[in-house]
Amino acid sequence: MHPGPPPVPQAPLQPPGLYAGLPPRPVYREPHSITAGTVISGLAASTLWLILFGSLGGDLVSYAWWTILAAVTAWLVAVVLTLVGDRGVALGVACASGLGLSLALGLVAVRWIDTANFPLW
């Protein structure tokens, strides 16, 4: 009985393409990835913050000034969170405070248009 020819060693399969012989490309991972949960928690915290500060005002003028103060402090917190904390929470805080400030200044604009007198001075 003749065992037959010896098996031929096969070359390893190469992936098709121009960079077949190069090592695989590195994969960069975000150290603090932004998730929906962190953004929602930032939105909720900033909304509560704006509601608490806005409720201190008794009229439109004091409501607007309290909301401006709350939005500026929230943006400062968002900057700090962006640099050293969780960027998802910072995104939520910045979005909610911007929306709350837009709402307050929209009410000021409506009063200004209605009375032709700028209410914040």
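Because the structure is predicted, anything quoted here is derived from the model rather than measured.

J.: So what's going on with the overall build of the protein? Residues and values would help.
T.: What the protein contains, in helices and strands, is three helices and zero strands. Its helices and strands taken in sequence order, the protein reads α-α-α from the N to the C terminus. The buried share of the protein, reckoned over its 121 residues, is 23%. Counted over contacts in the protein with a minimum sequence separation of 6, partners at least 24 positions apart contribute 60%. When the accessible surface of the protein is summed, it comes to about 9100 Å², and 72% of that surface belongs to carbon and sulfur atoms.

J.: An account of the side chain of Thr67 is requested, with residue identities and associated values reported.
T.: In this fold, Thr67 is placed in helix 2 (residues 60–84). Owing to a relative accessible area of 2%, Thr67 belongs among the buried residues under this scheme. Looking at Thr67, its side chain comes within polar contact range of the main-chain oxygen of Tyr63, at 2.7 Å. Leave out the neighbours within four places in its chain, and Thr67 touches Leu50, Gly54, Gly100, Leu101 and Ala104.

J.: Could you give me a rundown of helix 2, with the residues and numbers involved?
T.: In this model helix 2 runs 36 Å from its N-terminal to its C-terminal C-alpha over 25 residues, within 8% of the 36 Å that 1.5 Å per residue would give. Residues of helix 2 that are buried include every one of Leu60, Ala64, Thr67, Ala70, Ala71, Ala74 and Ala78, and no others. Contacts made by the buried residues of helix 2 are with helix 1 (36–54) and helix 3 (87–115).

J.: So what's going on with the side chain of Ser97? Which residues, and what values?
T.: Of note, Ser97 is situated in helix 3. Within the structure, the side chain of Ser97 is placed 3.2 Å from the backbone oxygen of Ala94, a separation counted as a polar contact. Leave out the neighbours within four places in its chain, and Ser97 touches Ser46, Leu50, Ala71, Ala74 and Trp75.

J.: So, helix 3: which residues are in play, and what are the values?
T.: Three- or four-residue spacings in an α-helix give side chains the same orientation, since the helix completes a turn every 3.6 residues. With 29 residues, helix 3 should cover 42 Å at 1.5 Å per step; its first-to-last C-alpha distance of 42 Å lies within 8% of that length. All of the buried residues in helix 3 are Gly88, Val89, Ala90, Gly92, Val93, Ala96, Ser97, Gly100, Leu101, Ala104 and Val108. Looking at the buried residues of helix 3, the elements they touch are helix 1 and helix 2. Taking the backbone nitrogen of Gly88 as reference, a side-chain oxygen 3.1 Å away marks Asp86 as the first, capping residue of helix 3. In the segment just after helix 3, Ala116 is the residue with positive phi, at about 60°.

J.: Go over the nonpolar core with me, naming the residues and quoting the values.
T.: Among soluble globular proteins, nonpolar side chains are generally buried collectively. Counting five residues, the largest nonpolar core is built from Ala74, Ala78, Val89, Ala90 and Val93. Mapped by element, the contributors of at least two residues to this core are helix 2 and helix 3. If you tally residues by element for this core, the top one is helix 3, at three residues.

J.: Just give me the short version of the packing of helix 1 against helix 3, but keep the residues and values in it.
T.: Relative to each other, helix 1 and helix 3 sit at 40°, their axes nearing to 7 Å. The pairing of helix 1 with helix 3 is recorded here as oblique in orientation. Relative to helix 3, the crossing made by helix 1 is right-handed. Contacts between helix 1 and helix 3 involve Thr38, Val39, Ser41, Gly42, Leu43, Ser46, Thr47 and Leu50 from the first element and Gly88, Val89, Leu91, Gly92, Val93, Cys95, Ala96, Ser97 and Gly100 from the second. In terms of residue class, the contact of helix 1 with helix 3 is built from eight nonpolar, nine polar and no charged.

Rules and cut-offs
- Residues numbered from 1 in each chain as written.
- Predicted model: local features only at pLDDT ≥ 70, side-chain atom pairs only at ≥ 80, totals over all residues.
- Heavy atoms only, no water.
- Helix = DSSP H or I, 4+ residues; strand = E, 2+ residues; numbered from the N terminus.
- Buried < 20%, exposed > 50% of the residue type's maximum accessible area, 1.4 Å probe, protein only.
- Contact = heavy atoms within 4.5 Å.
- Areas by Shrake-Rupley, 256 points an atom, 1.4 Å probe, with all protein chains shown as cover.
- Polar contact = N/O pair within 3.5 Å; in protein donor to acceptor, adjacent residues only side chain to side chain.
- Expected span 1.5 Å × (residues − 1).
- Core = buried A, V, L, I, M, F, W, Y, C linked by side-chain atoms within 4.5 Å.
- Axes fitted to C-alpha atoms, helices over the stretch in contact; angles between N-to-C directions.
- Parallel < 35°, antiparallel > 145°, perpendicular 65-115°, else oblique.
- Left-handed = near helix turned anticlockwise from the far one by under 90°.
- Nonpolar A, V, L, I, M, F, W, Y, C, P; charged D, E, K, R; others polar.

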